[in-house]
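# Descriptive structure summary
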Amino acid sequence: MLAALVVVNLVLSAAIIRRLRETEAKLIEMTTPAASGLPLGGAMPEFVSPDGQVSSADLAGGPVLVGFFSAGCRHCPAQAEALADRAEEIGGGGVRVLSFLTAGEGETDDLAPTLRKAGLLVTEGDTSAMMTTFQVQGTPAFLMFGDDGRLLARGHELSEVINPQ
């Protein structure tokens, strides 16, 4: 009798564990957001900056690192410093750097001097049309495009898109 109860208990336990694993897989599938942003290998979108300073045509023909920053972002100052610190190295490799800084009403653009050290800077108002164009969800964000204008790497830290030295 005891052996039969142990066997039934094992069978029921195995069934419960299998059901929990299936439920966990469904839950992960339901709560995992769809991949967002430009897909790796995707082409740089056509754009003209809000101030008319730069366009996608100006960046054609060489590797480009595009960075997105915002004045209210707590992680942006460290990434802006990292970009400025490595600007000479990045530029020496033939990579042009373009940064977009979003500063809302009442926010100061304290990052601007640091970002200007790294390359071309475009400052935007409260809404970032360029973030929408490049399908960027948050700041800081970096997109590395190759010679052919295709996305090679993306990330929230510079080290994710530029090989650490």
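The notes below deal with the structure included here. In this text the structure is predicted, and so the values were computed from the model without any measurement.

Turning our attention to the nonpolar core. The biggest cluster of nonpolar side chains holds 22 residues, and the ones touching the most others in it are Leu65, Phe69, Leu83, Ile90, Leu115, Leu158 and Val161. Where this core is concerned, the elements lending two or more residues are β1 (64–70), α3 (76–85), α4 (87–92), β2 (96–102), α5 (112–118), β4 (141–145) and α7 (158–161). Ignoring anything within four residues of it in the chain, the contact list for Leu83 reads Leu65, Phe69, Ile90, Val97, Ser99, Leu115, Ala118, Phe142 and Leu158. The next biggest cluster of nonpolar side chains, apart from the first, holds 19 residues, and it includes Leu38, Leu59, Phe68 and Met131.

Now for the environment of Val8. Tracing the chain through its elements places Val8 in helix α1 (residues 2–31). Once the C-alpha coordinates of Val8 and Pro113 are considered, the two residues, 105 residues apart in sequence, prove to be 71 Å apart.

Right, let's get into the pattern of salt bridges. Inspection of every chain in the model, using the stated rule, returns two salt bridges. With a shortest N-O distance of 3.8 Å, Arg18 and Glu22 are connected by a salt bridge. Of this pair, Arg18 and Glu22 are both found in helix α1, four residues apart, which corresponds to roughly one turn of the helix. Judged by relative accessible area, which is 37%, Glu22 ranks as partly exposed. With a closest N to O distance of 2.9 Å, Glu89 and Arg86 form a salt bridge.

Rules behind the numbers
Residues numbered from 1 in each chain as written. Predicted model: local features only at pLDDT ≥ 70, side-chain atom pairs only at ≥ 80, totals over all residues. Heavy atoms only, no water. Core = buried A, V, L, I, M, F, W, Y, C linked by side-chain atoms within 4.5 Å. Buried < 20%, exposed > 50% of the residue type's maximum accessible area, 1.4 Å probe, protein only. Helix = DSSP H or I, 4+ residues; strand = E, 2+ residues; numbered from the N terminus. Contact = heavy atoms within 4.5 Å. Salt bridge = Lys/Arg side-chain N within 4 Å of Asp/Glu carboxyl O.

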